[in-house]
Protein chains: 2
Amino acid sequence: MTTQRDTRQRRAIRKAFRTLGHPLSPQEVLETARADVEGLGIATVYRNLRSLQDDGWLEPVELPGEPARYEMAGKGHHHHFHCRGCDRVYEVEGCPGNLRGITPMGFELEDHEFVLYGRCDSCAA
Amino acid sequence: MTTQRDTRQRRAIRKAFRTLGHPLSPQEVLETARADVEGLGIATVYRNLRSLQDDGWLEPVELPGEPARYEMAGKGHHHHFHCRGCDRVYEVEGCPGNLRGITPMGFELEDHEFVLYGRCDSCAA
DNA sequence: CGCCAAGTGATACTAACTTATCGTTAACAC
DNA sequence: GTGTTAACGATAAGTTAGTATCACTTGGCG
């Protein structure tokens, strides 16, 4: 069994997710958490992203053509908005539903994902 | 200016897209086009994917966590179904619409993309 | 306090894709 | 047919993202 230590680094990484509240890339995590832990290394970020994921505290967010981002687990069904201005990803509530109707004949629909693209409120100017 | 030669390889690659009619990965293109051009190289596939894209004949299809696939350009607005059985991607017509309603306040919606996951008719058994 | 293994940071390395290189082949204009 | 050169095939090299290594640090229990 792996004992989990409560390190400054791990705390700072969790804090980044808690305070920003939207999906973060490993780089974004690094930059944000460095406010609390100067000299934080990218390897530590990846290590903690993985272990927080194993703990069920984080979930990966995969978007088209992008490396995975991560967000806090346990949120309800939702989707994402990818801002073309700042490249940040935001959570959006709600879901258009009505997907069964467009699923081709004979296909079994298990799941779906969708992504909105545009400009977030700060980038819309 | 770049003169475009009508090679056996290029013809076979275009044929693969025309006959299969769904988004193809470079590997799928290679395997399919090798039916017509034995010994076709992967570099040639990539070269032609790029030039056919520059010609506006192909368009990239980006799906979450996957390298890009390609499909013939000029189709209308549509989305994709990713089969978890055979890993193939299919085109689906229609669109749930109603996305403005779930876009957060102050955000400018420009575009959207969505992906259905499940089993295609041959994999649904 | 003092031990000691989990955790860290720097960096080397792997893995998966894609592009560049280069000698050879073959479109196609004449 | 002949010549020019775009395109090809094999493979080396480049990219990008993430993982492994290893000496050093530090959390946390006795």
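Coordinates for the structure precede this section.
For clarity, every value in this text was computed on a predicted model and none was experimentally measured.

Quick look at the overall build of chain A
Secondary structure summary: chain A contains 3 helices and 5 strands in total. Going residue by residue from the N terminus, the α and β elements of chain A occur as α-α-α-β-β-β-β-β. Once the C-alpha set of chain A is aligned to its principal axes, its extents read approximately 55 × 45 × 25 Å. For chain A, the residues scored as buried account for 24% of the 125 residues in total. Considering only contacts within chain A whose residues lie at least 6 apart along the sequence, 45% involve residues at least 24 apart.

So, the interface of chain B and chain A
With 34 residues of chain B at the contact, the number on the chain A side is 34 residues. When residues of the side of chain B that touches chain A are traced back to their parent elements, those giving at least two are β4 (89-92) and β5 (108-119) of chain B. No other element matches the 12 residues that β5(B) contributes to the side of chain B that touches chain A. When the residues that make up the side of chain B that touches chain A are grouped by side-chain class, the tally is 18 nonpolar, 8 polar and 8 charged. With 11 bridges connecting them, strand β5 (residues 108-119) of chain A and β5(B) associate as antiparallel partners. Directly across from L109(A), in β5(B), lies its bridge partner G118(B).

What about the protein's contact with DNA strand D?
Taken together, the neighbourhood of DNA strand D is formed by 26 residues, with D6(A), R5(B), Q9(B), G41(B) and T44(B) sitting nearest. Of the residues forming the surface near DNA strand D, the biggest block, 5 residues, is contributed by helix α3 (residues 42-54) of chain B. Broken down by class, the residue content of the surface near DNA strand D amounts to 9 nonpolar, 10 polar and 7 charged.

Overview of the nonpolar core
Counting 41 residues, the largest nonpolar core has A16(A), V29(A), A16(B) and V29(B) as its most contacted members. Not counting residues up to four positions away in its chain, the partners in contact with V29(B) are I13(B), A16(B), L24(B), V45(B) and L49(B).

Regarding the sheet that holds β5(A)
Overall, mixed pairing links the 6 strands, which are arranged β4(A)-β3(A)-β5(A)-β5(B)-β3(B)-β4(B) in an open sheet. Looking at strand neighbours, the two that pair on one side only are β4 (89-92) of chain A together with β4 of chain B, the edges of this open sheet. Each strand axis lies, on average, 30° off the axis of its neighbour in the sheet, ignoring direction. In this sheet, β5(B) lies alongside strand β3 (residues 79-83) of chain B in parallel orientation, the contact comprising 4 bridges. By the bridge assignment for β5(B), F81(B) is matched with L116(B).

Basis of the calculations
Residues numbered from 1 in each chain as written. Chains lettered and ligands numbered in written order. Predicted model: local features only at pLDDT ≥ 70, side-chain atom pairs only at ≥ 80, totals over all residues. Helix = DSSP H or I, 4+ residues; strand = E, 2+ residues; numbered from the N terminus. Buried ≥ 20, exposed ≤ 12 C-beta atoms within 10 Å, placed from the backbone. Contact = placed C-beta atoms within 7 Å. Nonpolar A, V, L, I, M, F, W, Y, C, P; charged D, E, K, R; others polar. Pairing = 2+ DSSP bridges. Near = placed C-beta within 6 Å. Core = buried A, V, L, I, M, F, W, Y, C linked by C-beta atoms within 7 Å. Axes fitted to C-alpha atoms, helices over the stretch in contact; angles between N-to-C directions.

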